[in-house]
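# Examining the three-dimensional arrangement
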Amino acid sequence: MKLLASLTSPFVRKVRIVMAEKKLDVDLQIENVWAPDCKVQETNPLGKVPCLVTEDGGALFDSRVIVEYLDTLSPVSRLIPPGGRERAAVKCWEALADGTLDACVIIVKEFQRPPAQQSPEWIARQYGKIQAALNAMETTLGEQAFCMGVNYSLADIAVGCVLGYLDFRFPHIVWRDDHPNLARLYKKLATRQAFIDSEPPRA
Ligand code: GSF
């Protein structure tokens, strides 16, 4: 299997952590999706990473589809419950985390536009989503060891990727002070080898 990837993408990080937790091997093919000669679109028409190229040459995207597939490949460290309310709850945590990342990426991209073309209202709207999502995660996590209670799952990986991305791209958001439950969770997640090995490069 080959993963079209970027080392700074939080969605790619989620997939890499799932692979590491499940002890699955993959070749990383680093792509710059913003380069004019980037070939990702030949594999994923949306031109986005992550994109998984399977042994039979097929392509899977986006990160939610990829991690769901990966979880079926090995019984090692089941990360998504097989069905029912629990499965939906994990997927909902993931949707909340991914939606938060979407808002983050919009802000990063907006700030790369010429200042005169940036929309302060659009940026403020995204910051509002990030804050509301952090508050919801904090409350739902509560005193539990992990998002789903006692078991580590994809929900923790998805949330961990958000918190890591905030530290990486939004150091001005001091989320730990107002979100002690998330801070406690992230401290624990950050010691896992899969998280350590997928830290974004700080060049
Ligand atoms: C999001 C992937 C994405 O935005 C997923 O896989 O979960 N819902 C998708 N990838 C970005 C890189 S990043 O900011 O993580 C990407 O490849 N953008 C290129 C583009 O043309 O939008």
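Let me begin by describing the structure that accompanies this report. (Residues numbered from 1 in each chain as written. Predicted model: local features only at pLDDT ≥ 70, side-chain atom pairs only at ≥ 80, totals over all residues. Heavy atoms only, no water.)

## Quick notes on a negative patch on the surface
Judged by side-chain charge, D25, D27, E55 and D56 come together as a negatively charged surface patch. Assignment of secondary structure puts D56 in the loop between β3 (51-53) and β4 (59-60). On the basis of relative accessible area, D56 is assigned to the exposed category, the value being 70%. (Patch = residues over 30% accessible without salt bridge, like charges linked within 9 Å, V, L, I, M, F, W, Y side chains within 5 Å. Areas by Shrake-Rupley, 256 points an atom, 1.4 Å probe, with all protein chains shown as cover. Salt bridge = Lys/Arg side-chain N within 4 Å of Asp/Glu carboxyl O. Lys, Arg positive; Asp, Glu negative; His and termini not counted. Charge placed at Lys NZ, Arg CZ, Asp CG, Glu CD. Helix = DSSP H or I, 4+ residues; strand = E, 2+ residues; numbered from the N terminus. Buried < 20%, exposed > 50% of the residue type's maximum accessible area, 1.4 Å probe, protein only.)

## Here's the deal with empty space enclosed by the protein
All told, the structure shown has one cavity of 30 Å³ or more when counted by the stated rule. Within this model, the largest cavity holds a volume of roughly 70 Å³. Every residue along the wall of the largest cavity is listed here: L7, T8, S9, P10, R13, C161, G164, Y165, F168, S198 and P200. For the lining of the largest cavity, the secondary-structure elements that each account for two or more residues are α1 (10-21) and α5 (154-169). Considering each element in turn, the lining of the largest cavity owes the most residues, four residues, to α5. (1 Å grid on protein atoms, 1.4 Å probe; cavity = no way out; pocket = protein on both sides within 12 Å on 5 of 7 lines; lining within 4 Å. Points joined across faces, edges and corners; volume = space filled by probe spheres on them.)

## Some remarks on the pairing of strand β2 (residues 27-30)
In this structure, strand β1 (residues 2-5) lies alongside β2, joined through four bridges in parallel fashion. Counted as the bridge partner of A5 is I30 from β2. Regarding topology, α1 serves as the crossover connection from β1 to the parallel β2, and that connection is right-handed. (Pairing = 2+ DSSP bridges. Right-handed = clockwise from strand over helix to strand, strands pointing away.)

## Some remarks on the site of the ligand
Contacts to the ligand come from S9, P10, F11, V33, W34, G47, K48, V49, P50, D62, S63 and V105. Between the ligand and S9, the relevant distance is 2.6 Å, taken from an oxygen atom to a side-chain nitrogen or oxygen of the residue. Between the ligand and S63, the relevant distance is 2.5 Å, taken from an oxygen atom to a side-chain nitrogen or oxygen of the residue. Isolated, the ligand exposes 540 Å² of accessible area, and the fraction of that covered by the protein chains is 82%. Because more than half of its atoms lie within 2 Å of the grid, the ligand is assigned to the largest pocket. Taken together, the residues of the shell around the ligand break down into seven nonpolar, three polar and two charged. (Near = heavy atom within 4 Å. Polar contact = N/O pair within 3.5 Å; in protein donor to acceptor, adjacent residues only side chain to side chain. Sits in = over half its atoms within 2 Å of the grid points. Nonpolar A, V, L, I, M, F, W, Y, C, P; charged D, E, K, R; others polar.)

Everything listed here is a matter of geometry and, on its own, says nothing about what the molecule does.
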